[in-house]
Amino acid sequence: MSELIKKQVSDARGLMEKAIDHCDGELQKIRAGKASPSMLDDIMVDYYGSPTPLNQVGSVNTPDARTIVIQPWEKSLLSGIEKAIMEANLGVNPQNDGVIIRINVPPLTEERRRDLVKKAKAEAETGKVAIRNIRKEANEKIRKLKSEGVSEDEMKTGEGEIQKLTDSFIVKVDQLSEAKEKDIMTV
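Please read all numbers here as calculations on a predicted model, not as lab measurements.

K.L.:
Can you walk me through the environment of L54 in this structure?
P.N.:
Take L54: it is sitting in the loop between β2 (50-53) and β3 (58-64). In sequence terms L54 and K128 are 74 residues apart; their C-alpha atoms lie 30 Å from each other. Setting aside chain neighbours within four positions, we find L54 in contact with L40, I43, V45, V60, I70 and I81.

Dropping the structure here:
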């Protein structure tokens with residue numbers, strides 16, 4: 001296999017790994033009945049006029065499986081954090097005691113679990129689509145190498161390598177999805 005094709009395969013592998021990481025991150029955000037600091041990753045707090053991620057204005061901990069505790073580094077941020085959590089519409093009620101904010105994560109109903117499984121499957125499908133798009137772009141780049149003197153056989157070999165990569169990464173997405181589904185459905 002020529003160096004040009006090896007580079008395309010290597011680039012595609014890197015992009016697919018990023019797609020897997022992104023998909024895993026999105027799946028982590030879907031709550032599975034247990035309290036997790038990552039549930040609050042997308043929450044932005046108004047910090048002196050600029051939106052700042054919650055984890056940069058205080059510590060976020062989970063003392064037990066059903067509670068999240070947020071301790072802001074500045075007491076003046078308590079109401080702002082509370083407001084940001086309410087606006088995030090996570091289905092939880094923050095409790096402000098003047099020092100910290102506690103969030104009790106309610107147990108999931110069967111219907112809510114099924115909805116979350118659907119959401120997880122949709123995220124997994126998005127990940128698969130991203131990987132397939134990477135395959136398509138890599139194959140197009142390999143076909144364009146014909147003008148640089150790459151033979152038909154080398155192009156076919158390169159496309160075969162890209163397909164093997166695609167298949168292995170789609171299996172990884174399926175594994176992530178199955179693990180998340182099992183996590184959500186575990187009571």
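K.L.:
Just checking my understanding: could you explain the side chain of E159 for this structure?
P.N.:
Examined against the element boundaries, E159 turns out to sit in helix α4 (residues 152-185). On the accessibility criterion, E159 (17% relative accessible area) is buried. Discounting residues that sit within four places of it in the chain, E159 has contacts with N139, I142 and R143.

K.L.:
What's the story with helix α3 (residues 110-144) in this structure? I'm lost.
P.N.:
Count 3.6 residues to each turn of an α-helix, and residues three or four apart come out pointing the same way. Its 35 residues give α3 an end-to-end C-alpha distance of 51 Å, which sits within 8% of 51 Å, the value for a rise of 1.5 Å per residue. Every buried residue of α3 is accounted for by R113, L116, V117, A120, A124, G127, K128, I131, I134, A138, N139 and I142.

K.L.:
I tried to follow the packing of helix α1 (residues 3-29) against α4 on my own but got confused; where do I start?
P.N.:
Packed helices, taken two at a time, are described by the angle their axes make and the gap between the axes. For the pair α1 and α4, interaxial distance at closest approach is 10 Å and the crossing angle is 10 degrees. Classed by the angle they form, the pair α1 and α4 counts as roughly parallel. Of the residues that constitute the contact of α1 with α4, the class distribution is 13 nonpolar, 5 polar and 7 charged.

K.L.:
Explain the packing of α1 against α3 here, please?
P.N.:
Interhelical geometry of α1 versus α3 gives an angle of 170 degrees and a closest axis separation of 9 Å. Between α1 and α3, the angle is such that the two are roughly antiparallel. For the pair α1 and α3, contact is made by I5, Q8, A12, L15, M16, A19, I20, C23, E26 and L27 and by A120, E123, A124, G127, A130, I131, I134, R135, A138, K141 and I142, respectively. Classifying every residue of the contact of α1 with α3 by side-chain character gives 15 nonpolar, 2 polar and 4 charged.

Procedures and definitions
- Within each chain, residues carry numbers counting from 1 in the order of the written sequence.
- Given that the model is predicted, a residue must reach a pLDDT of at least 70 before its local features are reported, and side-chain atom pairs must reach 80 or more before they are shown or counted; all residues, however, enter totals for whole chains, interfaces and linings.
- Side-chain figures throughout are based on the complete set of non-hydrogen atoms in the structure, without hydrogens or water.
- Secondary structure elements follow DSSP: runs of H or I no shorter than four residues count as helices, runs of E no shorter than two count as strands, and numbering proceeds from the N terminus.
- By definition, residues are in contact when any of their heavy atoms lie within 4.5 Å.
- Burial classification: accessible surface area is computed with a 1.4 Å probe over protein chains only, and a residue below 20% of its type maximum counts as buried, one above 50% as exposed, and the rest as partly exposed.
- Here a helix's expected span is defined as the number of its residues, less one, multiplied by 1.5 Å.
- As a rule, the C-alpha atoms of each element are fitted with a line to give its axis, helices using only the stretch in contact, and angles between N-to-C directions run from 0 to 180 degrees.
- To sort the angles, those under 35 degrees are grouped as roughly parallel, those over 145 as roughly antiparallel, those from 65 to 115 as roughly perpendicular, and the leftovers as oblique.
- Each residue gets one of three labels, nonpolar for Ala, Val, Leu, Ile, Met, Phe, Trp, Tyr, Cys and Pro, charged for Asp, Glu, Lys and Arg, and polar for the others, Gly among them.

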